[in-house]
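Residue-level structural notes
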Amino acid sequence: MESPLVMVNQQQCRQVASVVRNLVIRPEFSTRLFLTLPVSSELKLRMLFYSVAICHQTRNLVSNKYNLYGWEYIEKVFCEIALHQPLLLDPTYISGTNEEELSLSLRLAFSDDQVAEHSSLDRVEERIMLMKELSNFVIQRFNGSYTLLLGSTGNHLLNNGMGLYELLEQSLTFSDPARKKSSFLAKLLSDSGLYSIEDTLNYIPIMDYHMMRVLLRMGCVEITDPILKQALSGKRVLKTEEPVRQACIEAMQLISRESGVDPWIMNDIFWPLGRSCCNETTLCAAHVCMKQPCTFENMILLTNHKKCSFETNCKGAENQDYRELWEPFTETHFY
């Protein structure tokens, strides 16, 4: 449903889809440690649930020691926690431990030198609150077992109130209407072989802020309201981002249908592109990728990386006004 503020450019989505259908994801991406960690299935589920629970507003999260940012750093830290501090992933422990102790543990985990004050993890109290809220939910409803939670869904996202989406939305942590965290979790559960989704048509594409930026710059989503356009270009904080986010979700659904690539795979293409090639600087304009190594090149098989794979089908490659667009900035724990 289009808003008077934004519109999905269907023709541009089809142009982008013509590129997407020819991209090949590196096979090693699906065998990375985060998905194949040699721990029990219940512990791996805890790792996945809690890592996604705290994954929002990660622009400042960085490990200079390992050259990792945002989600990549979260993956590394939660693997370490699962292997060496599994108690920190125990719902009963999280629920019964005070916020100060949990905060210290989390900040230490996200510190390059094991000094809590040097941690780049911000909004720690909020993230702890979400972990505790999720723990209380799974304790009260499923006796603290994420295995039991998944088993209750019948491998469906929607299932007469008992699907994965429907159960998760009863927890504050996963209650956003666009189901970004829920879809991201469902993808990880599937990628790790711990869950199979039967009703894939109900899957809502993950819409990360990097992906929103890419879709806006490509012209797949057009901003028709000049005031909103100025706000996005100026990185001004908005009261709501929902019209833009919903249009981006619809654009991604169209790109998926036109390309024949599953909607959950869209994340593996557009997310690394936004993190590396289309961020503070753009590969098309600067002729060099912002991140070394490039996340997109690490995930997609490329013959060379001298120019962006989408350059000939992207409005931002030729038009600076599109390149200056940014994702909406809002205060939320959803995204």
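First, a word on scope: everything that follows refers to the structure included in this document. Here the structure is a predicted model, which is why all the values come from computation and not from measurement.

**Quick word on the overall build of the protein**
Within the protein, the secondary structure is distributed over 17 helices and four strands. Principal-axis analysis of the C-alpha atoms gives the protein an extent of 55 × 50 × 40 Å. For the protein, with 335 residues in total, the buried portion stands at 57%. When the accessible surface of the protein is split by element, carbon and sulfur atoms take 51% of a total near 14300 Å². If you average the places of the 32 positive and of the 40 negative side-chain charges in the protein, the two averages end up 4 Å apart.

**Some remarks on the nonpolar core**
Core analysis: the biggest nonpolar cluster contains 112 residues, and Phe78, Phe110, Leu149, Ile255, Phe270, Phe296 and Phe310 have the highest contact counts within it. What Phe296 contacts, discounting residues up to four positions off in sequence, is Leu23, Ile269, Pro272, Leu273, Ser276, Cys277, Leu302, Ser309 and Phe310.

**Quick word on the pattern of salt bridges**
Evaluated as defined, the whole model comprises 16 salt bridges. The shortest N-O distance in the salt bridge between Arg275 and Glu72 comes to 3.3 Å. Placement of Arg275 in helix α14 (residues 266–276) and of Glu72 in helix α4 (residues 70–84) is noted, with a sequence separation of 203 residues between them. Three or more residues joined by partner-sharing salt bridges are found here, namely Glu42, Arg46 and Asp90.

**Section: empty space enclosed by the protein**
Here the structure, examined in full by the defined rule, presents two cavities of 30 Å³ or more. Size it by volume and the largest cavity reaches roughly 130 Å³. If you trace the largest cavity, you find 16 residues lining it, with Cys277, Cys278, Cys284, Cys308 and Cys314 closest to the centre. Elements that contribute at least two residues to the lining of the largest cavity include exactly α11 (209–218) and α15 (283–286). For the lining of the largest cavity, the element with the most residues is α11, which contributes three residues. When the residues that make up the lining of the largest cavity are grouped by side-chain class, the tally is 11 nonpolar, two polar and three charged.

**Some thoughts on the packing of helix α3 (residues 41–53) against helix α10 (residues 180–191)**
Running from amino to carboxyl end, α3 crosses α10 at an angle of 150 degrees, the nearest separation of the two axes being 10 Å. With respect to α10, the element α3 is oriented roughly antiparallel. The two elements α3 and α10 cross, and the hand of that crossing is right-handed. Taking contact as the criterion, the partners of Leu45, Leu48, Phe49, Val52 and Ala53 in α3 are, on α10, Lys181, Phe184, Leu185, Leu188 and Leu189. For the contact of α3 with α10, the class distribution of residues is nine nonpolar, no polar and one charged.

**Section: α11**
Most of α11 is tucked away: 10 of the 10 residues are buried. Residues of α11 that are buried: Tyr209, His210, Met211, Met212, Arg213, Val214, Leu215, Leu216, Arg217 and Met218. Contacts from the buried residues of α11 go to α1 (10–20), β4 (221–223), α12 (226–233), α13 (242–259), α14 and α17 (320–323). Sitting at the head of α11, Asp208 places a side-chain oxygen 2.7 Å from the backbone nitrogen of His210. Just past α11, the residue Gly219 takes up positive phi, approximately 90 degrees.

**Concerning unusual backbone geometry**
The step from Gln292 to Pro293 runs through a cis peptide bond, and the omega angle for that step is 0 degrees. Take Pro293: it is sitting in the loop between α15 and α16 (295–299). The residue Lys235 is not glycine, and still its phi comes out positive at about 55 degrees. Examined against the element boundaries, Lys235 turns out to sit in the loop between α12 and α13. A relative accessible area of 34% places Lys235 in the partly exposed class.

**Side note on the side chain of Thr173**
Tracing the sequence through the fold places Thr173 in the loop between α9 (164–168) and α10. Reaching out from Thr173, the side chain makes a polar contact with the side chain of Glu133 at a distance of 3.0 Å. Excluding residues within four positions of it along the chain, Thr173 makes contact with Ala53, Leu130, Glu133, Leu134 and Lys181.

**A short note on the layout of surface pockets**
Any empty space left between the atoms is revealed when a probe the size of a water molecule rolls over them. Space inside the largest pocket adds up to approximately 860 Å³. Lining the largest pocket are 47 residues; nearest its centre among them are Tyr69, Trp71, Glu72, Trp271 and Arg275. Broken down by secondary-structure element, the contributors of at least two residues to the lining of the largest pocket are α2 (33–36), β3 (68–69), α4, α10, α11, α14 and α16. The element best represented in the lining of the largest pocket is α4, accounting for six residues. A class-by-class count of the residues in the lining of the largest pocket yields 20 nonpolar, 10 polar and 17 charged. Space inside the second largest pocket adds up to approximately 280 Å³. What lines the second largest pocket is a set of 15 residues, and nearest its centre among them are Glu80, Leu108, Ala109, Ser111 and Gln114.

**As for the packing of aromatic side chains**
Tallied over the entire structure, the rule returns 10 aromatic pairs. Aromatic side chains Phe34 and Trp71 sit 5.5 Å apart centroid to centroid with 85 degrees between the ring planes, which places their arrangement in the edge-to-face category. Taken together, the positions of Phe34 in helix α2 and Trp71 in helix α4 put the pair 37 residues apart, joining distant regions of the chain. Aromatic pair Phe137 and Phe142: ring centres 6.2 Å apart, planes at 70 degrees, arrangement edge-to-face. With respect to class, Phe137 is no different from Phe142; both count as buried. Grouped by ring-pair contacts, the aromatic residues Phe49, Tyr50, Tyr146 and Phe174 constitute a single cluster. A cation over a ring is seen here: Arg217 above Trp326, with NZ or CZ 5.0 Å from the ring centre. Over the aromatic face of Tyr69 sits the side chain of Lys291, whose NZ or CZ is 4.7 Å from the ring centroid.

Reading the values: the criteria
- Residues numbered from 1 in each chain as written.
- Predicted model: local features only at pLDDT ≥ 70, side-chain atom pairs only at ≥ 80, totals over all residues.
- Heavy atoms only, no water.
- Helix = DSSP H or I, 4+ residues; strand = E, 2+ residues; numbered from the N terminus.
- Buried < 20%, exposed > 50% of the residue type's maximum accessible area, 1.4 Å probe, protein only.
- Areas by Shrake-Rupley, 256 points an atom, 1.4 Å probe, with all protein chains shown as cover.
- Lys, Arg positive; Asp, Glu negative; His and termini not counted.
- Charge placed at Lys NZ, Arg CZ, Asp CG, Glu CD.
- Core = buried A, V, L, I, M, F, W, Y, C linked by side-chain atoms within 4.5 Å.
- Contact = heavy atoms within 4.5 Å.
- Salt bridge = Lys/Arg side-chain N within 4 Å of Asp/Glu carboxyl O.
- 1 Å grid on protein atoms, 1.4 Å probe; cavity = no way out; pocket = protein on both sides within 12 Å on 5 of 7 lines; lining within 4 Å.
- Points joined across faces, edges and corners; volume = space filled by probe spheres on them.
- Nonpolar A, V, L, I, M, F, W, Y, C, P; charged D, E, K, R; others polar.
- Axes fitted to C-alpha atoms, helices over the stretch in contact; angles between N-to-C directions.
- Parallel < 35°, antiparallel > 145°, perpendicular 65-115°, else oblique.
- Left-handed = near helix turned anticlockwise from the far one by under 90°.
- Polar contact = N/O pair within 3.5 Å; in protein donor to acceptor, adjacent residues only side chain to side chain.
- Phe/Tyr/Trp six-rings, centres within 6.5 Å; stacked < 30°, edge-to-face > 60°.
- Lys NZ or Arg CZ within 6 Å of the ring centre and 35° of its normal.

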